[in-house]
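# Coordinates in review
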Amino acid sequence: MFGDFPGPVVVGVDDSPGAIPAVRWAAREAARLHRPLRVVHATEEILLGAPRPYRDVGEVREMVRIHGHRLLQAAGRAVREEVGEIGPRLILRGERRARALLDEAADACLVVLATPGIRPMGRVFAGSVSIALSAHVRCPLAIVRGHVAEDSPPEDGPVVVGVDGSPASEAALALAFEEASWRQAPLTAVHCWEDRFLAAVREEKRLTLHSPAVAEHEHEVLGQRLAGWREKYPDVPVNREVVRGRAAERLLDFTDRARMLVVGNRGHGGVAGLLLGSTCQAVMSYALCPVLVARDKG
């Protein structure tokens with residue numbers, strides 16, 4: 001999967017608490033992939049929010065530029081502490097963060113973002129930049145949370161991947177097996193099914209659903225999707241899970257004990273991206289572990 005993208009690992013950095021953990025995670029991935037690391041900070045959104053008493057726009061720009069350089073220098077130190085052999089390229093861009101990262105991601109093999117905030121009960125939420133990039137970048141996108149010790153993902157947890165049979169989930173499988181093999185981790189493949197769209201029809205016609213038969217069929221579907229990948233990665237132990245319910249909710253059930261969740265995104269931006277990528281956006285918002293998003297190349 002990463003071999004399809006020859007460029008660097010790109011990570012966005014700001015002054016949020018999760019930025020440096022995301023940079024460290026990106027540095028480890030860059031070292032593993034033997035790729036250069038590019039650390040990017042964008043300033044325009046900060047300038048737009050500058051208080052009115054600052055009459056000298058030039059002074060504000062200089063203050064913001066200095067602040068941005070300090071953030072980048074801190075990120076550079078974190079990279080050297082994590083993987084000393086990688087010298088990151090530090091980039092300061094005077095534009096909106098989403099635009100800057102999309103431009104830098106044009107030749108990237110992986111884009112890494114920190115989660116921008118935390119909901120009650122320790123859950124995170126995906127910001128507009130994460131959503132924009134998940135809909136538009138060609139390479140995989142990683143959403144990494146800045147963890148405190150008590151809720152960090154377990155080091156021995158599985159890599160979890162969502163499988164629905166679509167081209168996007170095939171891309172997710174490729175990425176998940178690659179990650180599990182490198183990490184020497186087991187893989188949990190989760191296939192979800194639900195019948196909410198036909199529930200009203202069955203109720204009107206007084207029909208019943210034979211759930212065991214449906215579950216057996218879905219097990220066969222999952223087995224077919226995994227067959228080729230298990231042969232390609234015989235070193236990866238695979239646990240198959242077929243569960244009933246909404247995909248996002250069921251996938252999140254597995255993330256608290258996972259070291260990583262991999263999903264495919266079928267969104268293409270705009271309204272289509274919001275609808276087709278709804279599961280992807282939900283797990284990006286609420287998963288405690290890092291989320292790796294694979295895009296269908298079609």
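Residues numbered from 1 in each chain as written. Predicted model: local features only at pLDDT ≥ 70, side-chain atom pairs only at ≥ 80, totals over all residues. Heavy atoms only, no water.

Let us now look at the overall build of the protein. In terms of regular secondary structure, the protein is built from eleven helices and ten strands. For the protein, the proportion of contacts with a sequence separation of at least 24, taken over those separated by at least 6, is 79%. By element, 52% of the accessible surface of the protein is carried by carbon and sulfur atoms, the whole surface being about 14900 Å². (Helix = DSSP H or I, 4+ residues; strand = E, 2+ residues; numbered from the N terminus. Contact = heavy atoms within 4.5 Å. Areas by Shrake-Rupley, 256 points an atom, 1.4 Å probe, with all protein chains shown as cover.)

Contact geometry for helix 1 (residues 19-33) and helix 6 (residues 167-183): axes closest at 13 Å, N-to-C directions at 85 degrees. In terms of orientation, helix 1 lies roughly perpendicular with respect to helix 6. Taken together, the residues of helix 6 that come into contact with helix 1 (itself represented by W25, E29, R32 and L33) are E178, E179, W182 and R183. Grouping the constituent residues of the contact of helix 1 with helix 6 by class yields three nonpolar, no polar and five charged. (Axes fitted to C-alpha atoms, helices over the stretch in contact; angles between N-to-C directions. Parallel < 35°, antiparallel > 145°, perpendicular 65-115°, else oblique. Nonpolar A, V, L, I, M, F, W, Y, C, P; charged D, E, K, R; others polar.)

Here we take up helix 4 (residues 97-104). Burial runs high along helix 4: six of the eight residues are buried. For helix 4, the set of buried residues is R97, A98, A100, L101, L102 and E104. (Buried < 20%, exposed > 50% of the residue type's maximum accessible area, 1.4 Å probe, protein only.)

Applying the stated criterion to the full structure yields two aromatic pairs. Judged by centre distance (5.6 Å) and plane angle (20 degrees), the ring pair of F177 and Y233 falls under stacked. Placement of F177 in helix 6 and of Y233 in the loop between helix 8 (211-232) and strand 8 (238-244) is noted, with a sequence separation of 56 residues between them. A residue is classified by how much of its surface remains accessible, and F177, at 0% relative accessible area, is buried. Taken together, the ring pairs in this structure connect F177, W229 and Y233 into an aromatic cluster. (Phe/Tyr/Trp six-rings, centres within 6.5 Å; stacked < 30°, edge-to-face > 60°.)

In this model, H34 sits at a positive phi of 55 degrees, which is unusual for a non-glycine residue. Counting through the fold element by element, H34 comes out in the loop between helix 1 and strand 2 (37-42). On the accessibility criterion, H34 (73% relative accessible area) is exposed.

On to helix 9 (residues 247-255). Within helix 9, the full set of buried residues consists of A248, L251, L252, F254 and T255. The arc enclosing the buried residues of helix 9, seen along the axis, measures out at 155 degrees, which places them on a common side. (Arc of directions from axis to C-beta.)

Another aspect to go through is the confidence of the model for the protein. Summary statistics for the protein give a mean pLDDT of 79 and a share of 77% for residues scoring 70 or more. When the criterion is pLDDT under 50, residues 118-126 qualifies, and its contacts beyond four places in sequence or with other chains add up to 30 contacts. A low-confidence stretch, residues 268-276 stays under pLDDT 50, and its non-local contacts, those more than four residues away or across chains, total 14 contacts. (pLDDT = per-residue confidence, 0-100.)

On to the state of the cysteines, then. Disulfides are covalent bonds that link the sulfur atoms of two cysteine residues. Under the criterion given, the structure shown has zero disulfides. Residue C109 stays outside any disulfide, its sulfur separated by 6.9 Å from that of C139, the closest cysteine. In this structure C109 comes out as buried when scored by relative accessible area, which is 0%. (Disulfide = S-S within 2.5 Å.)

Mapping H191 onto the fold places it in strand 7 (residues 187-193). With residues near it in sequence (within four places) discarded, H191 still touches V163, D164, E218, V221, L222, E241, V242 and V243.

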